[in-house]
Amino acid sequence: MGTVWEQADDEKHLAAPSPAPPPPPQDLDAGALFVLQSKGSWMHCGYHLTTSIVAPALLSLPYAFGFLGWAGGVICLVIGAAITFYSYNLISLVLEHHAQLGHRHLRFRDMAYDILGPWWGKYYVGPVQFTICYGAVVGCSLLGGECMKAIYILSTPNGTMKLYEFVVLFGVLLLILTQMPSFHSLRYISLISLVLCLAYSGCATAGSIYIGLSSKAPEKSYSIVGNGQDRTFNVFNAISIIATTYGNGIIPEIQATLAPPVKGKMFKGLCLCYAVVLATFFTVSISGYWAFGNQSAGLILSNFTNNGVPLVPRWFIYMTNGFVILQLAAVCVVYLQLTNEALENLLSDPKSDQFSTRNVVPRLISRSISIVIGTLIGAMLPFFADFNAVLGAFGFLPLDFVLPAVFFNITFKPSKRSFVFWLNITIVVVFSILSVIGSVAAVRQVILDAKTYRLFANI
């Protein structure tokens, strides 16, 4: 009897299909090999996602509420969270699908090149992604300098240091951090960044509630800012601000840091990231707008002083700005990975060791020059935030809202009768229109503010 069962088991074993052979290894260029190393876990991925999305730009959300009102602000915030989570998951699914086929995409431009065609990858996605990522670095450098200056003015009211000097000081910090060799090597910096964003968001929320309940609370109104045409453009400008706040632009590069197999890991990382998003975006925007109404500043921390007089304890302002400065440095080095990867691809030799003299010297020089240029732009153009709104509408909306749905429909070809197909088509159409209108509104704001622009202005 035992012999019969053994024979049956042997036949079953022989009949079972053999496992598919693993896909052949891809030949990687120096940028992918050295910067986009695939060694991370889903938690590391979650840290990187949180750093790239939950950044100090969220402190401008109460300002956006001033153009949208309570209902419009909350609705846009909810839609932004839902659509970006959905869109980022779509990109992840497409990336996983191609990885299972043996062709893992490590960069956004490679993904567009393969799915949409060479022109889209080389002349649209690549340049737009590089522009918004380097623009984020410049914007963070400027904001870091502004936060340093805020601490300086509060502690030394008659001080003579200018804004551009603080931007340069922040650039010195970046010169050190940018030498981290790979995206994966930033995993603990991204973890610290996650803690810091929770810290300053908690401080911003607590400070807003404290001021709103105190006798020193400024007068506030919840009426929507602007009239007629101005109000319409302000609405689209506010939508661009919210889109930029939720924007990422480097989802494929973050997923590239995952060790294979990648299936399901990105979704876990997104869940971790959006738990932090819900804990920060909504608390800061609602408490800030409640406390200051349509007088909410472009950076809500600016409302914590009134004509130079602090409305909260000085140490609280110092601490909060300190948290912001440190996290801005982490955000900068994460967004610099796109530039680092391009420089590594151009200047390094993939056949030599990553830490050989042949590769270390050009890495050190090129990354340092990249930081010097970004810092110089931030110091020269302290009004760069206006241009960032243009980058948000022109860059983040297409990359993060439109292209994921396009990639999914082309790759998986869902039935034209299915809900998913038409949901994706709706997202593509609506956010393409918003991208065009938002770009026009942002450019209009730049033109209106142009008369106040001055190189190296101390604003």
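Up top is the structure.
Residues numbered from 1 in each chain as written. Predicted model: local features only at pLDDT ≥ 70, side-chain atom pairs only at ≥ 80, totals over all residues. Heavy atoms only, no water.

1. Some details on the overall build of the protein
Point 1. For the protein, the count of helices and strands is 15 helices and 2 strands.
Point 2. Against the compact-globule benchmark of 23 Å for 459 residues, the protein has a radius of gyration of 24 Å, which places it among compact chains.
Point 3. Across its three principal axes, the protein shows a C-alpha extent of roughly 90 × 55 × 50 Å.
Point 4. Counting all 459 residues of the protein, 52% fall into the buried class.
Point 5. For the protein, the share of sequence-separated contacts (at least 6 apart) that also reach a separation of at least 24 residues comes to 83%.
Point 6. On the protein, roughly 20,400 Å² of surface is accessible, and the fraction owed to carbon and sulfur atoms is 69%.
Point 7. Side chains of the protein carry 26 positive and 21 negative charges; the gap between the two charge centres is 9 Å. (Helix = DSSP H or I, 4+ residues; strand = E, 2+ residues; numbered from the N terminus. Rg over C-alpha atoms; globule rule 2.2 N^0.38 Å. Buried < 20%, exposed > 50% of the residue type's maximum accessible area, 1.4 Å probe, protein only. Contact = heavy atoms within 4.5 Å. Areas by Shrake-Rupley, 256 points an atom, 1.4 Å probe, with all protein chains shown as cover. Lys, Arg positive; Asp, Glu negative; His and termini not counted. Charge placed at Lys NZ, Arg CZ, Asp CG, Glu CD.)

2. Let's talk about the packing of helix α3 (residues 42-53) against helix α8 (residues 187-213)
Point 1. It is the contact of α3 with α8, at a shortest axis distance of 8 Å, that shows an interaxial angle of 55 degrees. Relative to α8, α3 is oriented oblique. In the crossing of α3 with α8, the sense of the turn from one axis to the other is left-handed. Together, His44, Tyr47, His48, Thr50 and Thr51 of α3 and Arg187, Ser190, Leu191, Ser193, Leu194 and Cys197 of α8 make up the contact between the two elements.
Point 2. Within the contact of α3 with α8, the residues separate by chemical class into 4 nonpolar, 6 polar and 1 charged. (Axes fitted to C-alpha atoms, helices over the stretch in contact; angles between N-to-C directions. Parallel < 35°, antiparallel > 145°, perpendicular 65-115°, else oblique. Left-handed = near helix turned anticlockwise from the far one by under 90°. Nonpolar A, V, L, I, M, F, W, Y, C, P; charged D, E, K, R; others polar.)

3. Description of the pattern of salt bridges
Point 1. The full count for this structure, using the stated rule, is 6 salt bridges.
Point 2. Of the charged contacts, one joins Arg107 and Glu341 as a salt bridge, the two residues approaching to 2.4 Å between their closest N and O atoms. Here the residue Arg107 occupies a position in the loop between α4 (61-100) and α5 (108-115), and Glu341 occupies one in helix α12 (residues 314-347), the gap between them amounting to 234 residues.
Point 3. By relative accessible area, Arg107 is classed as buried at 8%.
Point 4. Take Glu341: its relative accessible area is 1%, and that puts it in the buried class.
Point 5. In this structure, the salt-bridge partner of Arg363 is Glu344, at a minimum N-O distance of 2.7 Å. One end of the pair, Arg363, is in helix α13 (residues 357-380); the other, Glu344, is in helix α12, with 19 residues separating them in the sequence. For the pair formed by Arg363 and Glu344, the shared burial category is buried. (Salt bridge = Lys/Arg side-chain N within 4 Å of Asp/Glu carboxyl O.)

4. Considerations on empty space enclosed by the protein
Point 1. Scanning the entire structure with this criterion turns up 1 cavity of 30 Å³ or more.
Point 2. The computed volume of the largest cavity comes to approximately 40 Å³.
Point 3. Lining the largest cavity are Leu95, Glu96, Ala99, Arg104, His105, Pro252, Gln255, Ala256 and Val262.
Point 4. No other element matches α4, which puts 3 residues into the lining of the largest cavity.
Point 5. When the residues that make up the lining of the largest cavity are grouped by side-chain class, the tally is 5 nonpolar, 2 polar and 2 charged. (1 Å grid on protein atoms, 1.4 Å probe; cavity = no way out; pocket = protein on both sides within 12 Å on 5 of 7 lines; lining within 4 Å. Points joined across faces, edges and corners; volume = space filled by probe spheres on them.)

5. Overview of the packing of aromatic side chains
Point 1. Counted by the stated rule, this structure contains 20 aromatic pairs.
Point 2. Judged by centre distance (5.7 Å) and plane angle (65 degrees), the ring pair of Phe65 and Tyr289 falls under edge-to-face. Residue Phe65 is located in helix α4, and its partner Tyr289 is located in helix α11 (residues 265-292); the two are separated by 224 residues in the primary sequence.
Point 3. Judged by relative accessible area, Phe65 falls into the buried class, the value being 0%.
Point 4. Geometrically, the ring pair formed by Phe85 and Phe267 is edge-to-face, given 5.9 Å between the ring centres and 70 degrees between the ring planes. Placement of the pair is Phe85 in helix α4 and Phe267 in helix α11, with a sequence separation of 182 residues.
Point 5. Taking the relative accessible area as the measure of exposure, Phe267 reaches 38% and is therefore partly exposed.
Point 6. Pairwise contacts between aromatic rings join Phe65, Trp70, Tyr222 and Tyr289 into one cluster.
Point 7. For the cation-ring pair, Lys220 lies above Trp290, with the distance from its terminal atom to the ring centre recorded as 4.6 Å. (Phe/Tyr/Trp six-rings, centres within 6.5 Å; stacked < 30°, edge-to-face > 60°. Lys NZ or Arg CZ within 6 Å of the ring centre and 35° of its normal.)

6. Comments concerning the environment of Val277
Point 1. Among the structural elements, Val277 can be located in helix α11.
Point 2. Among the residues examined, Val277 registers a relative accessible area of 0% and is labelled buried.
Point 3. Every residue in contact with Val277, bar those within four places of it in the chain, is listed here: Ile53, Val54, Tyr246 and Phe282.

7. Focus on the nonpolar core
Point 1. Residues Leu59, Tyr246, Tyr274 and Phe281 are the most contacted members of the largest nonpolar core, which totals 112 residues.
Point 2. Here the element with the most residues in this core is α4; it accounts for 14 residues.
Point 3. If we ignore the near neighbours within four places in the chain, the residues touching Tyr246 are Ile53, Leu77, Gly80, Ala81, Thr84, Tyr88, Tyr274, Val277, Phe281 and Phe282. (Core = buried A, V, L, I, M, F, W, Y, C linked by side-chain atoms within 4.5 Å.)

8. Some points on the state of the cysteines
Point 1. Taken as a whole and assessed by the stated rule, the structure comprises 0 disulfides.
Point 2. Note on Cys45: no disulfide assigned, nearest cysteine sulfur contributed by Cys273 at a separation of 9.1 Å.
Point 3. Not part of a disulfide, Cys271 finds its nearest cysteine sulfur in Cys273, a span of 9.8 Å. (Disulfide = S-S within 2.5 Å.)

9. Some words on the side chain of Thr84
Point 1. As for its placement among the helices and strands, Thr84 is situated in helix α4.
Point 2. Residue classification places Thr84 among the buried positions, given a relative accessible area of 0%.
Point 3. Within the structure, Thr84 has its side chain in polar contact with the backbone oxygen of Ala81 (distance 3.3 Å).
Point 4. In this structure, Thr84 is in contact with Tyr246, Tyr274 and Phe401, ignoring residues within four places of it in sequence. (Polar contact = N/O pair within 3.5 Å; in protein donor to acceptor, adjacent residues only side chain to side chain.)

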